[in-house]
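Secondary and tertiary structure notes
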Amino acid sequence: MAAKTIAGRTVDVDSEGFMTDPSQWTREIAQAIANEEGITLTEKHWSVITYMQAEAKKNGEPPTIRAMNKSGVVTTKELYEIFPGGPAKKAAKIAGLKKPAGCV
Amino acid sequence: MKQLVILGAGTGGTIMSNLLAQHLPMSTWSITVIDGEKDHYYQPGFLFVPFGMYAKERVRRPKSKYIPRAAVFINEHAAHIDPKGQEITLASGKKIRYDVLVIASGCTIAPEETPGMSEGFGKNVFDFYTYAGTSALADALPSFKSGNIVMHVNEIPIKCPIAPLEFIFLADWYFTKKRIRNDVRITFVTPLSGAFTKPIAAQALGSLIEKKSIAIIPDFGTERIDSDAKRIIGYDGREVPYDMLVTVPTNKGSEVIARSNMGDDLNFVKTDNHTLVSKDHPNIFVIGDATNVPASKAGSVVHFEAETVLENVLNFIGERPLEPSFDGHANCFIETGYGKGILIDFNYVQEPVPGLFPLPFGPLTLLSEGVLNHWGKLGFEWIYWNMLLKGIPIPFIPRQMSRAGKRFPKADK
């Protein structure tokens, strides 16, 4: 585990930059990670982030793309549009959640 | 008599029937195995059929032959599980009561999850995850003389995540032997960011793919297949043209799990990672592809899980605490063509690394190509039918991953 300074705060991250303690997350941190990924956060992004955080709290795992598509919050197509290039990973990273379980 | 029911007679269900017949007190317990299919397939052989390395008949044997006489085999599909009432309803309506249930209902391909995919089957879309699929591909591959062959993974998790890599390695060898490799382009399209989920193996396998002049298109989320235009269309607008598409469709757990409302989005049963008990029902254990545990869906994993399921079924019956003894161990031979193979050995926490196996001096090599690994893969067929299914321990391959012989990166020591 490593520490990283994001938006002026020191947070714990794994080797790929995913936060390991959701309680350290703030909206400013989300903005900063999104900037690093070249994403400008809109209302739609925030609704996805809020939904993912609620699901992760409930299930201990970030939701899958399939589950998000079913939720009515965002379609898979929209996810790919607003988090281009690997939406499940990028959205989880910005939401301060662990990397979605890459099934081996 | 108390009833132990095993739902599914694939690799996991068959192993469990044999192990339980040896270890359950049969004076007070009876074992019933339910499966609607007649044939047991040696699924690792599905990879070899398209290339003519195995005749298709070689991978198929009657299920009943491998289920012990001490168990009752009901060759009928299950329609519904009622975990509260502790009974299974068969397709005929007949009800089977259980005291302990072992779910071994596996997973299967679901091409209907991807628009356009099913329409392409029998035309220019193929799979090798079913007997029918690999047989059709074996018929079509010899007449493929030039163009773009695309190996496509639709969505993870899939059964045997290394099989698509083996397919492209064997395709490279197959077309080279036919002296038409220069006329055939091989492309690998995956939703993952690289050749494998774990970084060290992804790098090693990625360089092998590059060395074999195979193109890789990562991070590809497939929206639909257009088999008339011969294109895979991604959610992000990318399109991959193909002449022959070999796909691994979305894999889903059994429909009976969905009908019984016992699974996740993909019908996989919520299972404790280490004890393999169902998260919802203390008298239900789950093994193999049917679980949602974050381990590979592979025969070796089922084999290692079987020891934990046996141990914990006996613990449950004896009213003892369950042992969290499954560590996610997987052990997979990867065929790389030219009579060589790579072996990987890993678990939930330890990713595949280079080294020697199973002993500190080998003789098999981890994460690097070797001739012995290829012979290991071929020899596994005999072990599967004669030892693994019968629950006979395989020498030197313990249930939990061993660190002996492995070379760990410095920070990991």
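Residues numbered from 1 in each chain as written. Chains lettered and ligands numbered in written order. Predicted model: local features only at pLDDT ≥ 70, side-chain atom pairs only at ≥ 80, totals over all residues. Heavy atoms only, no water.

In this section: the overall build of chain B. In terms of helices and strands, chain B carries 8 helices and 24 strands. In terms of overall size, chain B behaves like a compact globule, its C-alpha atoms giving a radius of gyration of 21 Å where 413 residues would be expected to give roughly 22 Å. Across its three principal directions, the C-alpha atoms of chain B cover 65 × 50 × 40 Å. Taking all 413 residues of chain B together, 57% fall into the buried category. Of the contacts formed within chain B by residues at least 6 apart in sequence, a portion of 67% connects residues at least 24 apart. (Helix = DSSP H or I, 4+ residues; strand = E, 2+ residues; numbered from the N terminus. Rg over C-alpha atoms; globule rule 2.2 N^0.38 Å. Buried < 20%, exposed > 50% of the residue type's maximum accessible area, 1.4 Å probe, protein only. Contact = heavy atoms within 4.5 Å.)

Take unusual backbone geometry next. Residue and element names in this part refer to chain B. Note the cis peptide between isoleucine 156 and proline 157, where omega equals 5°. Residue proline 358 follows phenylalanine 357 across a cis peptide bond; omega there is -5°. Here proline 358 lies in strand S23 (residues 355-359). One non-glycine residue with positive phi stands out, namely tyrosine 338, at about 55°.

With 21 residues of chain B at the contact, the number on the chain A side is 11 residues. For the pair chain B and chain A, the summed buried area comes to about 1500 Å², and 55% of that belongs to carbon and sulfur atoms. Contact with chain A buries area across many residues of chain B, yet Thr197(B), Tyr235(B) and Asp265(B) alone supply 39% of it, more than any other trio. Summed over the shared surface of chain B and chain A, the number is 4 salt bridges. Taken together, the links from chain B to chain A amount to 6 residue pairs in polar contact (both at pLDDT 80 or more). In the side of chain B that touches chain A, the residues fall into 8 nonpolar, 5 polar and 8 charged. (Buried area = accessible area lost by both parts, 1.4 Å probe. Salt bridge = Lys/Arg side-chain N within 4 Å of Asp/Glu carboxyl O. Polar contact = N/O pair within 3.5 Å; in protein donor to acceptor, adjacent residues only side chain to side chain. Nonpolar A, V, L, I, M, F, W, Y, C, P; charged D, E, K, R; others polar.)

Another point: the packing of helix H1 (residues 11-23) of chain B against helix H7 (residues 299-317) of chain B. All names here are of chain B. Running from N to C, H1 and H7 cross one another at 40°; their axes reach a closest spacing of 10 Å. As judged from the angle between their axes, H1 and H7 are oblique. For the crossing formed where H1 meets H7, the hand is right-handed. On the side of H1, the interface is formed by Thr11, Gly12, Ile15, Met16, Leu19, Leu20 and His23, while H7 contributes Val302, His303, Ala306, Val309, Leu310, Val313 and Leu314. Here the contact of H1 with H7 is built from residues that sort into 10 nonpolar, 4 polar and no charged. (Axes fitted to C-alpha atoms, helices over the stretch in contact; angles between N-to-C directions. Parallel < 35°, antiparallel > 145°, perpendicular 65-115°, else oblique. Left-handed = near helix turned anticlockwise from the far one by under 90°.)

Bringing the nonpolar core into the picture now. Core analysis: the biggest nonpolar cluster contains 93 residues, and Met16(B), Leu20(B), Ile149(B), Phe167(B) and Phe175(B) have the highest contact counts within it. Counting residues in hydrophobic clusters, the runner-up holds 31 residues, among them Tyr51(A), Tyr80(A), Ala92(A) and Ala95(A). (Core = buried A, V, L, I, M, F, W, Y, C linked by side-chain atoms within 4.5 Å.)

Residues and elements named next belong to chain B. Spatially, the 3 strands line up as an open sheet ordered S6-S7-S8, and their pairing is antiparallel. The open sheet is flanked by strand S6 (78-82) and strand S8 (95-97), the only strands paired with a single partner. Pairwise comparison of adjacent strand axes, ignoring direction, gives a mean angle of 20° for this sheet. Across 4 bridges, the pairing between S6 and strand S7 (residues 87-90) is antiparallel. Counterpart to histidine 80 in the pairing with S7 is threonine 89. (Pairing = 2+ DSSP bridges.)

Below, the discussion takes up a nonpolar patch on the surface. On the surface, Val371(B), Leu372(B) and Trp375(B) cluster together to form a nonpolar patch covering roughly 320 Å² of accessible area. Summarising the element assignment, Val371(B) is placed in helix H8 (residues 371-388). (Patch = residues over 30% accessible without salt bridge, like charges linked within 9 Å, V, L, I, M, F, W, Y side chains within 5 Å. Areas by Shrake-Rupley, 256 points an atom, 1.4 Å probe, with all protein chains shown as cover.)

Let us look at the pattern of salt bridges. Residue and element names in this part refer to chain B. Applying the stated criterion across every chain yields a total of 27 salt bridges over all chains. For the salt bridge of aspartate 39 with arginine 60, the shortest nitrogen-to-oxygen distance reads 3.8 Å. In this pair, aspartate 39 is assigned in strand S3 (residues 39-41) and arginine 60 in strand S4 (residues 60-62), connecting sequence segments 21 residues apart. A residue is classified by how much of its surface remains accessible, and aspartate 39, at 22% relative accessible area, is partly exposed.

Next up on the list: the confidence of the model for chain B. Chain-level statistics for chain B give a pLDDT mean of 96 and a share of 99% at 70 or above. Interface scoring of the predicted complex returns ipTM 0.83; its pTM is 0.94. (pLDDT = per-residue confidence, 0-100.)

Residue and element names in this part refer to chain B. A complete count under the given rule lists 20 aromatic pairs over all chains for this structure. Ring centres of tyrosine 41 and phenylalanine 46 lie 5.7 Å apart, and the angle between their planes is 50°; on these two criteria the pair is classed as tilted. On the basis of relative accessibility, which here comes to 25%, the residue tyrosine 41 falls in the partly exposed class. Taking the centre distance of 5.8 Å and the plane angle of 80° together, the rings of phenylalanine 326 and tyrosine 348 count as edge-to-face. Of the two residues, phenylalanine 326 is situated in the loop between H7 and strand S21 (330-337) and tyrosine 348 in the loop between strand S22 (340-346) and S23; the sequence distance between them amounts to 22 residues. In this structure, phenylalanine 326 and tyrosine 348 share a single accessibility class: buried. Clustering of aromatic rings is evident, with ring pairs tying together Phe51, Phe128, Tyr129, Phe144, Phe167, Tyr174 and Phe175. (Phe/Tyr/Trp six-rings, centres within 6.5 Å; stacked < 30°, edge-to-face > 60°.)

Looking now at helix H5 (residues 199-211) of chain B. Residue and element names in this part refer to chain B. For H5, which comprises 13 residues, the first-to-last C-alpha distance of 18 Å matches the rise-based estimate of 18 Å (1.5 Å per residue) to within 8%. The complete set of buried residues in H5 reads Ala201, Ala202, Leu205, Leu208 and Ile209. Along the long axis of H5, the arc covered by the buried residues comes to 130°, so they all point the same way. Residues Pro199, Gln203, Glu210 and Lys211 are exposed on H5 and point more than 90 degrees away from its buried face. (Expected span 1.5 Å × (residues − 1). Arc of directions from axis to C-beta.)

All names here are of chain B. Put simply, helix H4 (residues 163-177) and H5 touch, their axes get as near as 11 Å, and they point 25° apart. The angle between the axes of H4 and H5 places the two elements in the roughly parallel class. Note that H4 runs across H5; the crossing there is left-handed. Every residue of H5 that contacts H4 at Leu165, Ile168 and Phe169 is listed here: Leu205, Leu208 and Ile209. Split into classes, the residues belonging to the contact of H4 with H5 amount to 6 nonpolar, no polar and no charged.

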